[in-house]
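Descriptive structure summary
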Amino acid sequence: MFSGLNNTGIMKIGYNQMMTKPEALAKLANEILADKSLPLAESNLVFGEGDPNTAVLFIGEAPGRREDELKRPFVGRSGQLLDKLISEIGWKRSEVYITNIVKRRPPDNRDPLPKEIEGYKPYLARQIEIIKPKVIATLGRFSMNYFLPQAKITRDEGKLFPAGAYFIYPLFHPAAALRSTGTLEALRQSFKRLPEAITKAEELIKTQPPTTIAESPIKQESLF
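Residues numbered from 1 in each chain as written. Predicted model: local features only at pLDDT ≥ 70, side-chain atom pairs only at ≥ 80, totals over all residues. Heavy atoms only, no water.

With respect to the nonpolar core
Within the largest apolar cluster, 61 residues are counted, with the highest numbers of intra-cluster contacts made by Val56, Phe58, Val135 and Phe191. Per-element accounting of this core gives the leading share, seven residues, to helix H4 (residues 114–131). (Core = buried A, V, L, I, M, F, W, Y, C linked by side-chain atoms within 4.5 Å. Buried < 20%, exposed > 50% of the residue type's maximum accessible area, 1.4 Å probe, protein only. Helix = DSSP H or I, 4+ residues; strand = E, 2+ residues; numbered from the N terminus.)

Here it is, written out as structure tokens:
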């Protein structure tokens, strides 16, 4: 078990009513299902799963074939590697939260298009707002560039960046690590530093209360 969980408590997420985090996330998932304007509607919704009170939120780019079948994020070969890396640092998958920037599978597992990313953007923003992580660990360049447009995955992987209300910790996508032993070793080393990155983020939050992402532009300067 790692430290740094947010308070469970009760939270107010719009609609003029009080909801727990799981209730708020369930309501958000139902809103996505009801939104017929969203792209990729022919695929299943893969909303995300895990502990909504976690300090770290893993975000990939989009579901693949296996994820579409099971309606769960990162359950194919990439997900097996992600589970292994999480286990190697003494955590459990159930202790973190995992999702994607695009909530449905693009055809033939192609890269998500800008309009698809844009379509799901409001829902991802609300998902993050509900979970309130201290660190967002992005998986792959699409997820990284969603938060850090000027970042380069080969240069900035394994570094910690301030991003308004939270911190961004870019990681290689597990699929890339499966294709390259060098990338796999780099990803493994960055995973080993992830607990330290969370501790650093917690220390910074104590000394300088975070602002909302809208109020504070992302600084592309690593703190770690």
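Brief notes about the environment of Ile89
The residue Ile89 is located in the loop between helix H3 (77–88) and strand E5 (97–100) in this model. The spatial distance from the C-alpha of Ile89 to the C-alpha of Pro195 is 8.2 Å, given a sequence separation of 106 residues. Contact partners of Ile89, with chain neighbours within four places excluded, come to Phe191, Lys192 and Pro195. (Contact = heavy atoms within 4.5 Å.)

Structural notes on helix H8 (residues 181–207)
For H8, built from 27 residues, the straight-helix expectation of 39 Å at 1.5 Å per residue is met to within 8% by its first-to-last C-alpha distance of 39 Å. Along H8, the largest kink reaches about 40 degrees and is centred on Leu194; proline Pro195 follows within four residues of it. If you check which residues of H8 are buried, you get Thr183, Leu187, Arg188, Ser190, Phe191, Leu194, Ala197, Ile198, Ala201 and Glu202. (Expected span 1.5 Å × (residues − 1). Bend = angle between axes of the 7 residues up to and from the residue.)

Describing the sheet that holds strand E6 (residues 135–139)
If you walk across this open sheet you meet the six strands as E3-E5-E4-E6-E8-E7, and the pairing is mixed. Since the sheet does not close on itself, it has two edges, and those belong to strand E3 (49–50) and strand E7 (161–163), each with one partner. Bridge count for strand E4 (residues 56–60) against E6 is four bridges, and the pairing is parallel. Each bridged residue has a counterpart across the sheet, and for Ile59 the counterpart in E6 is Thr138. With respect to the sheet, H4 is in contact with E4, E5, E6 and strand E8 (166–171), its orientation differing from that of E5 by roughly 170 degrees. (Pairing = 2+ DSSP bridges. Axes fitted to C-alpha atoms, helices over the stretch in contact; angles between N-to-C directions.)

Some points on the packing of H3 against H8
Think of two packed helices as two axes; the pair is described by the angle between the axes and how far apart they sit. H8 packs onto H3 with a crossing angle of 40 degrees between their chain directions and a minimal axis gap of 9 Å. Regarding the angle of H3 to H8, the classification is oblique. Of the two elements, H3 crosses H8, and the hand of that crossing is right-handed. Along its contact with H3, which presents Leu81, Leu82, Lys84, Leu85, Ile86 and Glu88, the element H8 presents Leu184, Leu187, Arg188 and Phe191. (Parallel < 35°, antiparallel > 145°, perpendicular 65-115°, else oblique. Left-handed = near helix turned anticlockwise from the far one by under 90°.)

No statement about biological role is implied by the geometric values presented.
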